Amino acid sequence: MTIDETTIRQIACGDERAFAALYDAYHAALCGYAFSLVADRDAAGLLVGNVFVAVWRNRAGLTFPATGYLFRAVRNQCLNYLRDNRYKNELFRDLTAEQIEIHIQAAGDEAPEEFEPEQISRRTLRLRKLLERLPKRCRQVMKLYFYEGFSPSEISEILDINQVTVRVHIKNGIDFIRSEWKSASGDKKIGFIKSIFF
């Protein structure tokens, strides 16, 4: 089902099937976006769930298009989560509140309001093709980190390599994908890459 202005009006009037269509259209992309910000798959799912609960509770005020609102709401949930839980997450433990806010704002600037599920699907396919071009070990690390949500320390145990090597593979993989993506399309806003690895 296409999420058009009629769908949004139906949601505003309490149509549960229209709301389910909105959920189905955006849930995966929003979870991926949240995961790219908080680096925790369970937390990402919970934060996106919170956004959808809030959307339903405040459905009368929902307007078209909803894409930008949904991404901003998830970004705000992630910012609050990181502020409250940064000491529990090894990737963010040493960041100040200001650094976390910069991290979220930078990623938030790269979640365009015009993103629609069809565009995300095309970009996801293109991204996965680039991923398959990585060297085998780098590809394994990237999949474990971005798709499976394992931490660098967990990946080092799974693959029996040290954490520094894991982090180098992640950096090299992102650098390769960024370079190939920009050279193919000139698209410099690729923060969504992590958001559609989910």
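Residues numbered from 1 in each chain as written. Predicted model: local features only at pLDDT ≥ 70, side-chain atom pairs only at ≥ 80, totals over all residues. Heavy atoms only, no water.

At a closest axis distance of 7 Å, the pairing of helix α1 (residues 5–12) and helix α2 (residues 16–38) adopts a crossing angle of 125°. Taken together, the axes of α1 and α2 are oblique relative to one another. The element α1 and its partner α2 pack so that their crossing is left-handed. Residues Thr 7, Ile 8, Gln 10 and Ile 11 of α1 pack against Ala 18, Phe 19 and Leu 22 of α2. Its residues assigned to classes, the contact of α1 with α2 comprises five nonpolar, two polar and no charged. (Axes fitted to C-alpha atoms, helices over the stretch in contact; angles between N-to-C directions. Helix = DSSP H or I, 4+ residues; strand = E, 2+ residues; numbered from the N terminus. Parallel < 35°, antiparallel > 145°, perpendicular 65-115°, else oblique. Left-handed = near helix turned anticlockwise from the far one by under 90°. Contact = heavy atoms within 4.5 Å. Nonpolar A, V, L, I, M, F, W, Y, C, P; charged D, E, K, R; others polar.)

The next point concerns the pattern of salt bridges. All chains considered together, the criterion is met by five salt bridges. Glu 5 serves as the salt-bridge partner of Arg 9, at 4.0 Å between the closest nitrogen and oxygen. Of this pair, Arg 9 and Glu 5 both sit in helix α1, four residues apart, which is roughly one turn of that helix. Since its relative accessible area comes to 48%, Arg 9 is described here as partly exposed. (Salt bridge = Lys/Arg side-chain N within 4 Å of Asp/Glu carboxyl O. Buried < 20%, exposed > 50% of the residue type's maximum accessible area, 1.4 Å probe, protein only.)

Now for the confidence of the model for the protein. Residues of the protein with pLDDT of at least 70 account for 70%, and the chain-wide mean is 76. Across residues 108–115, where pLDDT falls below 50, the model places 20 contacts with residues more than four positions away in sequence or in other chains. Here residues 188–198 is a poorly scored stretch, pLDDT under 50, and it has 40 contacts once near neighbours within four places are set aside; other chains count. (pLDDT = per-residue confidence, 0-100.)

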